[in-house]
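Read off the chains here:
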2 protein chains.
Amino acid sequence: MNVGFLGFGEVASTLSVWLKEAGADVYTSIENRSNKTQGLAKDCGVNICSDNKSMAEISDILISAVTPAEALNIAKEVGKYVKGIYIDVNNISPKTVNEAMGYIENGKTVDAAIMGGIEKEGIRVQIVASGSYAEQFSNLNQYGLNIRVISPDLGKAKALKMLRSSYTKGVSAVLLESLFFAHQLDLDQELLKCLESTECPDFRESSLSRVKNSAYHAERKSQEMEEVLKFMNNMRKLEVIHEDEHPCMVKSTGEYFKYISENMKLDKKPDNLKELFELLKD
Amino acid sequence: MNVGFLGFGEVASTLSVWLKEAGADVYTSIENRSNKTQGLAKDCGVNICSDNKSMAEISDILISAVTPAEALNIAKEVGKYVKGIYIDVNNISPKTVNEAMGYIENGKTVDAAIMGGIEKEGIRVQIVASGSYAEQFSNLNQYGLNIRVISPDLGKAKALKMLRSSYTKGVSAVLLESLFFAHQLDLDQELLKCLESTECPDFRESSLSRVKNSAYHAERKSQEMEEVLKFMNNMRKLEVIHEDEHPCMVKSTGEYFKYISENMKLDKKPDNLKELFELLKD
């Protein structure tokens, strides 16, 4: 089983370790890649191809794991050389993935999305997949991955990722705002105590991690929510939903993170709530 | 230990059962009360006083558990007769509880708030308390209650309740909106599956209960969020927080519930998501 990675960042390097452990032959190309990326590929011990074209020709499974901005171009570049199945795991919209897949001439395409942080220790992150070749892609479960097929339609995996995002980031914004107001009245610790008695067992720990993360990555989160908002507004245009079903929580989540990113400069993740809120106040 | 209840609805009847079991003498007055309330008091086997004045005079602990609209009037009515400690557990703002307590002439006042649903089986709901007599009130923990003192300042308990509300209702709104959009793409069950793999163990059950409850009580929830918004805006005026710290998540949570209540008429709690979203679409 030859698995090729277009792009070799955090996602590709993590998956390649699991795949190699389970006996797959993993490839990447160092064509036009930074020294850092080349170093990472060597550290992971994957096979190096001289260019993307030759990798596309030998891969049974070719996974595009580049930056969102590169996703279309890389599909265009390799589209006519792909022999096996082409999987896009990039953080792009359902609309963009459909456009990208149009370049893959053999039509063997899969839309995939990583659900959650890739780096969580001990747990193999869930990958959801959609498209008519998604079942074949899920054969990689025999090679250490955790893939769940959700639909034969391209775009559904990306849609699910955006919906998940709208929930998790919305909760983070609600939490951050409530804790911030609580902090002004010296009630933030009391609020956590109250909530942990009725919410789930690890509420405190997961909430603090959520809040610190959100604040630190506020700018990126605000941009991601803009994408989710576009996607939801697009659903309106397609008349999947009625005109007046405005996604108002998504909209304010994006605005809230924008506000945070513009009013608080964090050089590192804050250690605790107090430190975080002192920064927010300045 | 004589404990008197002004008002005898769900809160008073539940607490009185616990107090009686633990050996307290519980009183209420049937003055100006409906037949239903009188019946409930008799069913609980509490002692009946002919009027509020006489109950105020014999109670070591006098608990006001009326409707939010009655909270000020009842304090005014009994204020000069209160001999023991007067506790307000009503769902009112920090500002209103301070006003109500101004009528209690002996000054032995406690601000208290019920944190969560009173009716949850097997668990004694947490009551937070603030004010200089809160510690004395917490002696009722020897009589079966679950009181936690959070501050010597009147108003802090109500503030904490509002902050808790801003979190729990915000999460419900985020969840309802995300699931609604997911439902339009036939991805609501997939979204629940994804989230339950990374959120807490009983995520599915608690989420469904949250969503059905929120939709059914949307109008009341939107009104409660208006109160929270007033409270937070008031914090701004008091310069507890800066002018531009708008509580945007609270604002859109209120607007979202208003939208739900205006666009969906539910005669009963929906049985499942499908039924709920079909109603939302009409």
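As the structure is a computational prediction, the values presented were derived from the model and not from experiment. (Residues numbered from 1 in each chain as written. Chains lettered and ligands numbered in written order. Predicted model: local features only at pLDDT ≥ 70, side-chain atom pairs only at ≥ 80, totals over all residues. Heavy atoms only, no water.)

Okay, the pattern of salt bridges next. What the rule picks out here adds up to 30 salt bridges over all chains. For the salt bridge of Arg148(A) with Glu190(B), the shortest nitrogen-to-oxygen distance reads 2.3 Å. With one member in each of two chains, Arg148(A) in strand β8 (residues 147–151) and Glu190(B) in helix α8 (residues 188–198) form a pair that bridges those chains. Of the two residues, Arg148(A) and Glu190(B), neither departs from the other in class, the shared state being buried. Linked by salt bridges that have partners in common, Asp88(A), Asp111(A) and Lys158(A) make up one network. (Salt bridge = Lys/Arg side-chain N within 4 Å of Asp/Glu carboxyl O. Helix = DSSP H or I, 4+ residues; strand = E, 2+ residues; numbered from the N terminus. Buried < 20%, exposed > 50% of the residue type's maximum accessible area, 1.4 Å probe, protein only.)

A few words now on the interface of chain A and chain B. With 57 residues of chain A at the interface, the matching set in chain B holds 57 residues. Counting the contacts that link chain A with chain B gives four salt bridges. There are 17 residue pairs in polar contact (both at pLDDT 80 or more) connecting chain A and chain B. The biggest single contributor to the side of chain A that touches chain B is helix α7 (residues 156–184) of chain A, with 19 residues. Looking at the side of chain A that touches chain B residue by residue, the class counts come to 33 nonpolar, 13 polar and eleven charged. (Contact = heavy atoms within 4.5 Å. Polar contact = N/O pair within 3.5 Å; in protein donor to acceptor, adjacent residues only side chain to side chain. Nonpolar A, V, L, I, M, F, W, Y, C, P; charged D, E, K, R; others polar.)

On to the sheet that holds strand β7 (residues 126–130) of chain A, then. All names here are of chain A. Spatial ordering of the open sheet is given by β3-β2-β1-β4-β5-β6-β7-β8, a layout of eight strands whose pairing is mixed. In this open sheet, the two strands that pair with only one neighbour each are β3 (47–49) and β8. The sheet shows a mean angle of 30° between the axes of neighbouring strands, direction not considered. Sheet analysis places strand β2 (residues 25–29) next to β3, joined by three bridges and oriented parallel. Residue pairing for β3: Thr28 is matched across the bridge by Ile48. Contacts between helix α1 (residues 10–21) and the sheet are confined to β1 (2–6), β2, β6 (109–115) and β7, with β1 contributing the most and set at about 170° to the helix. Against the sheet, helix α5 (residues 94–101) contacts β5 (85–88) and β6, and its axis sits at roughly 145° relative to β6. (Pairing = 2+ DSSP bridges. Axes fitted to C-alpha atoms, helices over the stretch in contact; angles between N-to-C directions.)

The subject of this paragraph is the packing of aromatic side chains. Counted by the stated rule, this structure contains ten aromatic pairs over all chains. Summarising the aromatic geometry, the rings of Phe180(B) and Phe181(B) are spaced 6.1 Å apart at their centres and angled 85° between planes, so their arrangement reads as edge-to-face. You'll find Phe180(B) and Phe181(B) in the same group, each marked buried. Clustering of aromatic rings is evident, with ring pairs tying together Tyr256(A), Phe257(A) and Tyr259(A). Over the face of the ring belonging to Tyr81(A) we find Lys53(A), whose NZ or CZ atom lies 5.2 Å from the ring centre. (Phe/Tyr/Trp six-rings, centres within 6.5 Å; stacked < 30°, edge-to-face > 60°. Lys NZ or Arg CZ within 6 Å of the ring centre and 35° of its normal.)

Bringing the nonpolar core into the picture now. Counting 94 residues, the largest nonpolar core has Leu276(A) and Leu276(B) as its most contacted members. Filtering out sequence-adjacent residues up to four positions away, Leu276(B) remains in contact with Leu176(B), Val211(B), Ala215(B), Met264(B), Leu266(B) and Pro270(B). Residues Ala24(A), Val26(A), Ala112(A) and Ala134(A) belong to the second largest nonpolar core, which totals 31 residues. (Core = buried A, V, L, I, M, F, W, Y, C linked by side-chain atoms within 4.5 Å.)

The next point concerns the relation of the copies chain A and chain B. Taken as rigid bodies, chain A and chain B are interconverted by a rotation of 180° and an axial shift of 0.0 Å, the fit giving an RMSD of 0.1 Å. Both chain copies can therefore be described as sitting about a two-fold axis. When the interface residues of chain A are mapped onto chain B, 100% of them again lie at the interface, so the same face is used by both copies. (Least-squares fit on C-alpha atoms with pLDDT ≥ 70 in both.)

We now examine the side chain of Ser93(A). Residues and elements named next belong to chain A. Among the structural elements, Ser93 can be located in the loop between β5 and α5. On the accessibility criterion, Ser93 (12% relative accessible area) is buried. Residue contacts for Ser93: discarding those within four places in its chain leaves Lys158 and Met162.

Before going further, it helps to examine unusual backbone geometry. Residue and element names in this part refer to chain A. For Asp186, which is not glycine, the phi dihedral falls at a positive 60°. Note that Asp186 resides in the loop between α7 and α8 (188–198). Owing to a relative accessible area of 63%, Asp186 belongs among the exposed residues under this scheme.

Now for the domain arrangement of chain A. Residues and elements named next belong to chain A. Annotation of chain A at the domain level lists domain 1 (2–152) and domain 2 (158–281). For domain 1 versus domain 2, the distance between C-alpha centres works out to 29 Å. The interface of domain 1 with domain 2 comprises 17 residues on the first partner and nine residues on the second. Summed over both sides, the interface between domain 1 and domain 2 buries roughly 1,000 Å², with carbon and sulfur atoms accounting for 63% of that surface. Of all residues in domain 1, the largest losses of buried area upon contact with domain 2 belong to Asn91, Pro94 and Met115, amounting jointly to 44% of the total for that side. On the surface where domain 1 and domain 2 come into contact, there are two salt bridges. Across the pair Asp111 and Lys158 runs a salt bridge, and its minimum N-O distance is 3.5 Å. Inspection of the domain 1/domain 2 interface yields five residue pairs in polar contact (both at pLDDT 80 or more). (Domains from an automatic or database assignment. Buried area = accessible area lost by both parts, 1.4 Å probe.)

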